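Residue-level structural notes
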Amino acid sequence: MLDIRLIRENPEILREALKKRQADSAVVDSLLVLDERRRMILSEVEVLKAERNAVSKEIGRMKSADERQAKIEAMRAVGDKISALDNELRDVDEELTATMSTLPNIPGDMTPYGVDESENVVLKTVGDIPEFDFEPQTHWDLGPALDIIDFERGVKMTGSRFYVLSGAGARLQRALIAYMLDLHIKQGYTEKYTPFMVKKETVYGAGQLPKFVDNLYKDHEEELYFVPTAEVPLTGYHMDEIFAEADLPKYYTAYTPCFRREKMSAGRDVRGIKRGHQFDKVEMYMYVKPEDSDAAFEKMMADAEETVALLGLPYRIHQLCTGDLGFGATITYDIEVWAAGCNEWLEVSSVSNVTDFQARRANIRYRPEDSKKNQFVHTLNGSGMGLPRVMIAIMENYQQADGSIIVPEILRPWMGGIEVIKAE
């Protein structure tokens, strides 16, 4: 959430930010009207309460019963007015908060302007796209042939966009999860195993509500939400807390399944396991002081890049432009890997600095050693990697002419001696 004082004092900053994001800036005027009305009500209530307190003391000193009664009657009217204003203030506060909750973060100065994803900037490409002396297969052909992906039974059990990993396929995914968690621990992160369902307040604090309400799975009876990413519970982990300055930074990593109600039409873009309503992901998350925010972003990006590089996959790094920037982010880098069978680049990691946007919503602060005033922390999040597309890249890039798949050497310690996945 943004700081209302920033909007009040510099509304043009928000107007310009919304225009850069290709969003309607008319909401700024509505916010200013609500904020002005709120402050006027507060001022009026303060005057009336001061008057009531002064008269109450005066009443206590009065000797005439008639005069005292007259003052009491007058104060009843003042009390009714205060009550009415308090009710109006509550309504204005709710409307102001609801409107503020819909505002995205302000793009950082380093984020390039662009209308949509076509204007994202490729910063670098690493590794050579593999060449084969045979026609490379797609993962949706390789998987069933090796009996490691079962699309039919996934659909039978649940529906479209679900599948079952079997044997070495299930083990390969488990190896990737263990590999990423162990690597992130070496990089300085503390592993967390979090709930896969969280309260509405937790989802709101992470910036997923109300913006993404249609993409979330929810248990309506218990009012709990299935997590769309571990970023959500890792934000909620320190919700309503105040750090001592010496306790920062905090680096966390967590594995969770992710549940998203994405609307997907049939076609090449969603074939196989590229996009689904359930997938696994390992997340990195940071709590830092504002002055350490930029350096933390660079560290997280380097950690994400190392995670991909050690797998020996060709990859490239995109910087997202303002028109494609996520709701809470001020700057985002995406990592894409090459998939030889699909013949395309697939996003596997997204690293973002959201500054104090989530901290304001979740009320997460720290107390500087040289100040009595608490400040909001900055939070950053990044995918260690999303599993399905990494699985795709490994299967398609490491395939051999006979349809078998070489297991990347970095993953073999978790594969129980399997170095090549072959048809039985």
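How each quantity is defined
Residues numbered from 1 in each chain as written. Predicted model: local features only at pLDDT ≥ 70, side-chain atom pairs only at ≥ 80, totals over all residues. Heavy atoms only, no water. Helix = DSSP H or I, 4+ residues; strand = E, 2+ residues; numbered from the N terminus. Buried < 20%, exposed > 50% of the residue type's maximum accessible area, 1.4 Å probe, protein only. Contact = heavy atoms within 4.5 Å. Areas by Shrake-Rupley, 256 points an atom, 1.4 Å probe, with all protein chains shown as cover. Pairing = 2+ DSSP bridges. Axes fitted to C-alpha atoms, helices over the stretch in contact; angles between N-to-C directions. Parallel < 35°, antiparallel > 145°, perpendicular 65-115°, else oblique. Salt bridge = Lys/Arg side-chain N within 4 Å of Asp/Glu carboxyl O. Expected span 1.5 Å × (residues − 1). Polar contact = N/O pair within 3.5 Å; in protein donor to acceptor, adjacent residues only side chain to side chain. Phe/Tyr/Trp six-rings, centres within 6.5 Å; stacked < 30°, edge-to-face > 60°.

1. Here we look at the overall build of the protein
- Looking only at helices and strands, the protein has twelve helices and 18 strands in total.
- The principal-axis extents of the C-alpha atoms in the protein amount to approximately 105 × 45 × 40 Å.
- Expressed as a percentage of its 424 residues, the buried residues of the protein come to 48%.
- Pairs at least 24 apart in sequence give 73% of the contacts found in the protein among residues at least 6 apart.
- For the protein, the exposed surface amounts to about 20,800 Å²; the carbon and sulfur share of it is 48%.

2. Some details on the sheet that holds strand 7 (residues 224-226)
- An order of 5-7-6 is seen for the three strands of this open sheet, with the pairing classed as antiparallel. The open sheet has two edge strands, strand 5 (197-199) and strand 6 (218-219), and neither has a second partner.
- Of the pairings in the sheet, the one linking strand 5 to strand 7 comprises three bridges and is antiparallel in character. Within strand 7, the position partnered with M197 by the bridge is F226.

3. A short note on the packing of helix 5 (residues 139-146) against helix 12 (residues 387-397)
- Packing of helix 5 against helix 12 leaves a shortest axis separation of 9 Å and a crossing angle of 80 degrees. In terms of orientation, helix 5 lies roughly perpendicular with respect to helix 12. Only I392, M395 and E396 of helix 12 make contact with helix 5, whose side of the interface consists of H139, L142 and G143.

4. Points about the side chain of T322
- Inspection of the secondary structure puts T322 in the loop between strand 11 (315-319) and strand 12 (331-339).
- Judged by relative accessible area, which is 1%, T322 ranks as buried.
- When residues no more than four places from it in sequence are discounted, the contact partners of T322 are K20, R21, P107, T111, P112, Y113 and G114.

5. A short note on helix 12
- The element helix 12 is largely enclosed, with a buried count of eleven among its eleven residues.
- Turning to helix 12, its buried residues are L387, P388, R389, V390, M391, I392, A393, I394, M395, E396 and N397.

6. A word on unusual backbone geometry
- A cis amide bond, omega 0 degrees, links L209 with the succeeding residue P210.
- On the secondary structure map, P210 appears in the loop between helix 8 (200-205) and strand 6.
- Here the amide bond leading from L248 into P249 is cis, since omega sits at 5 degrees, within 30 degrees of zero.
- Relative to the assigned elements, P249 resides in the loop between strand 8 (242-244) and strand 9 (250-259).
- In the Ramachandran plot, T355 falls in the positive-phi region, its phi being about 50 degrees despite a non-glycine side chain.
- Residue placement: T355 occurs in the loop between strand 13 (344-353) and helix 11 (357-362).
- For T355, a relative accessible area of 17% corresponds to the buried category.

7. Observations concerning the pattern of salt bridges
- The tally for this structure, following the rule as stated, stands at 21 salt bridges.
- In this structure, E36 and R39 form a salt bridge, with 2.9 Å as the shortest nitrogen-oxygen distance. One end of the pair, E36, and the other, R39, are both in helix 3 (residues 27-61), three residues apart, so they sit about a helical turn from each other.
- Judged by relative accessible area, E36 falls into the partly exposed class, the value being 36%.
- With its nearest N and O atoms 3.0 Å apart, the salt bridge here joins E245 to K289. Placement of E245 in the loop between strand 8 and strand 9 and of K289 in the loop between strand 10 (278-288) and helix 10 (293-309) is noted, with a sequence separation of 44 residues between them.

8. Examining the environment of E291
- Turning to its location among the elements, E291 is positioned in the loop between strand 10 and helix 10.
- Sequence-wise, E291 and V377 are 86 residues apart; in three dimensions their C-alpha atoms are separated by 9.7 Å.

9. Re the sheet that holds strand 9
- Read across the sheet, eight strands follow the order 1-11-12-13-16-10-9-4 without closing on themselves; strand pairing throughout is mixed. In this open sheet, the two edge strands, each paired with only one partner strand, are strand 1 (121-126) and strand 4 (190-192). Looking at each pair of strands side by side, their axes are set apart by 25 degrees on average, direction ignored.
- Packing of helix 7 (residues 168-186) onto the sheet brings it into contact with strand 4, strand 9, strand 10 and strand 16 (378-386), and relative to strand 10 it is tilted by some 5 degrees.
- In the packing of helix 10 onto the sheet, the strands contacted are strand 1, strand 9, strand 10, strand 11, strand 12, strand 13 and strand 16, and the crossing angle to strand 16 comes to about 5 degrees.

10. Topic: helix 10
- For helix 10, with 17 residues, the first-to-last C-alpha span of 24 Å sits near the 24 Å given by 1.5 Å per residue.
- Listed in full, the buried residues belonging to helix 10 are S293, A296, F297, M300, M301, D303, A304, E305, T307 and V308.

11. Some details on the side chain of S352
- Along the chain, S352 turns up in strand 13.
- Residue classification places S352 among the buried positions, given a relative accessible area of 7%.
- Engagement of the side chain of S352 in a polar contact is seen with the side chain of T332, the distance being 2.6 Å.
- Residues in contact with S352, not counting those within four places in the same chain, are F297, A329, I331, T332, L380 and N381.

12. Things to note about the packing of aromatic side chains
- In the structure shown here, the tally under the stated rule is 15 aromatic pairs.
- Between the aromatic rings of F327 and F357, the centroid separation amounts to 5.5 Å while the plane-to-plane angle is 80 degrees, which identifies the pairing as edge-to-face. Note that F327 is positioned in the loop between strand 11 and strand 12 and F357 in helix 11, a separation of 30 residues in sequence. Neither F327 nor F357 differs from the other in exposure class; each is buried.

13. Let's talk about the pairing of strand 9
- With eight of ten residues buried, strand 9 is to be regarded as a mostly interior element.
- Looking at chain direction, strand 4 and strand 9 are connected through three bridges and run parallel. Across the sheet, residue T190 finds its bridge partner in strand 9, namely Y252.

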